[in-house]
Amino acid sequence: MLQVEIDEGSGFCFGVTTAIKKAEEELKKGKTLYCLGDIVHNGMECERLKQMGLITITHEDMKQLHNVKVLLRAHGEPPATYELARKNNIEIIDATCPVVLKLQNRIKQQYESSLTSHLSPLTSQIVIFGKKGHAEVLGLVGQTQGSAIVIENFEEVKQLDFTHDIYLYSQTTKSLDEFHRIIEYIQAHISPEATFKSFDTICRSVANRMPNISQFATRHDLILFVCGRKSSNGKVLFNECLRVNPNSHLIEGPEEINSEWLKDIETIGICGATSTPKWLMEQCRDALLKL
């Protein structure tokens, strides 16, 4: 008898849940609501909200809008977006995750502090460990008027100037282990005349999922990791599943399940990212049971 278990710890994080709840509340009022970028990195959830009336727009689209409501998703936005909204008389429904908002403020304060200190900001490097071009990272870099340095992985830390001050932050969904490796490398190479400070800004609701999902993946013959392929956090968590259980597959929905995977399998674990809705994991479970 095939056994299928859905990981209780998987599913939307607090920030995503709040953003979707705010969107649903506004849409139920029957008024037009725009969302700047995909509200969540999950195509099926975006489609569900589109059916409810949510209109996803780009930053270029927003420049043409006036006197409307625009929802800012959990990833956050740079100051320029708020300035555009003020200029175009756009009402902002701000669903920026509190963890991201706190990080934005810390980076902004550090940047402004470097401007008012006797040191030139050119000698003070604000470094963000994150994915280049990711919505959250663009919002963080925006707090420094574009001057922050983004490093995507451990190898890129070697490109920093260790004779100048370094203030290191992290995108909220990055790997805690890799972040600590970067810290150790900078500590070993920073000039004695330079200052180095690191700030652990990784979201614990994401970081804590790593050991939990690792344990979950070891319990099953087959792992189906359900998430949108745009999800940065999803890639990190899926790679952890793959590390402990090579028989792990990333799928976006039930239609991607391959019946060949089920041969000689007794237990299947279904898990997902912080951008994966519970209802989608349940659909995958139902599809498996039918197979």
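Here, the structure is the one placed above.
Residues numbered from 1 in each chain as written. Predicted model: local features only at pLDDT ≥ 70, side-chain atom pairs only at ≥ 80, totals over all residues. Heavy atoms only, no water.

Considering the overall build of the chain
Across its full length, the chain holds eleven helices and twelve strands. A compact globule built from 291 residues would reach a C-alpha radius of gyration of about 19 Å, and the chain, at 21 Å, matches this within 12%. When each of the 291 residues of the chain is scored for burial, the buried share is 53%. A fraction of 71% describes how many contacts in the chain between residues 6 or more apart in sequence connect residues 24 or more apart. Carbon and sulfur atoms make up 50% of the accessible area of the chain, which amounts to about 14300 Å² in all. (Helix = DSSP H or I, 4+ residues; strand = E, 2+ residues; numbered from the N terminus. Rg over C-alpha atoms; globule rule 2.2 N^0.38 Å. Buried < 20%, exposed > 50% of the residue type's maximum accessible area, 1.4 Å probe, protein only. Contact = heavy atoms within 4.5 Å. Areas by Shrake-Rupley, 256 points an atom, 1.4 Å probe, with all protein chains shown as cover.)

Looking at the sheet that holds strand 5 (residues 91-94)
Taken in spatial order, the four strands line up as 3-2-4-5 in an open sheet, and their pairing is parallel. The open sheet has two edge strands, strand 3 (54-57) and strand 5, and neither has a second partner. Across this sheet, the average inter-strand angle for adjacent strands is 35°, counted without regard to direction. Those strands touched by helix 4 (residues 79-87) are strand 2 (33-36), strand 4 (69-72) and strand 5, and its axis lies near 145° from that of strand 5. (Pairing = 2+ DSSP bridges. Axes fitted to C-alpha atoms, helices over the stretch in contact; angles between N-to-C directions.)

Structural notes on the pattern of salt bridges
Applying the stated criterion across every chain, the model contains 16 salt bridges. Glu252 is the salt-bridge partner of Arg229, the closest N and O atoms lying 3.9 Å from each other. Taken as a pair, Arg229 in the loop between strand 10 (222-226) and helix 10 (232-244) and Glu252 in the loop between strand 11 (248-251) and strand 12 (267-272) lie far apart in primary sequence, 23 residues in all. (Salt bridge = Lys/Arg side-chain N within 4 Å of Asp/Glu carboxyl O.)

Here we look at the state of the cysteines
Scanning the entire structure with this criterion turns up zero disulfides. We note that Cys227 lacks a disulfide partner, and the nearest cysteine sulfur, in Cys271, lies 9.6 Å from it. For Cys227, a relative accessible area of 1% corresponds to the buried category. (Disulfide = S-S within 2.5 Å.)

Some details on helix 7 (residues 176-189)
Across its 14 residues, helix 7 extends 20 Å between first and last C-alpha, which sits within 8% of the 20 Å expected from 1.5 Å per residue. When helix 7 is considered as a whole, its buried residues turn out to be Phe179, Ile182, Ile183, Tyr185 and Ile186. Relative to the axis of helix 7, the buried residues are bounded by an arc of 165° and lie together on one face. Exposed positions of helix 7 whose direction lies more than 90 degrees from the buried face are Asp177, Glu184, Gln187 and Ala188. Buried residues in helix 7 make contact with strand 6 (124-129), strand 7 (149-151), strand 8 (165-170) and strand 9 (196-198). (Expected span 1.5 Å × (residues − 1). Arc of directions from axis to C-beta.)

Side note on the pairing of strand 2
The side-chain alternation of strand 2 yields two buried faces, one formed by Leu33 and Cys35 and the other by Tyr34 and Leu36. With four bridges connecting them, strand 2 and strand 3 associate as parallel partners. From the neighbouring strand, Leu36 faces strand 3, where its bridge partner is Ile57. Traced from strand 2 through helix 2 (residues 43-52) to strand 3, the parallel crossover comes out right-handed. (Right-handed = clockwise from strand over helix to strand, strands pointing away.)

Describing helix 4
Among the residues making up helix 4, those that are buried are Thr81, Leu84 and Ala85. For helix 4, the arc enclosing every buried residue in end-on projection is 100°, short of the 170-degree limit, so these residues lie on one face. Turned more than 90 degrees away from the buried face of helix 4 sit Ala80, Arg86 and Lys87, all of them exposed. Where the residues of helix 4 are buried, they touch strand 2, helix 3 (59-63), strand 4 and strand 5. Looking one or two residues past helix 4, Asn89 carries a phi angle of roughly 55°, positive in sign.

Considering the side chain of Asp165
With respect to the secondary-structure elements, Asp165 resides in strand 8. No salt bridge is formed by the buried Asp165; the nearest opposite charge belongs to Lys197, separated by 8.9 Å. In this structure the side chain of Asp165 is engaged in a polar contact, spanning 2.8 Å, whose partner is the backbone nitrogen of Thr195. (Lys, Arg positive; Asp, Glu negative; His and termini not counted. Polar contact = N/O pair within 3.5 Å; in protein donor to acceptor, adjacent residues only side chain to side chain.)

Nothing here speaks to function; it is geometry throughout.
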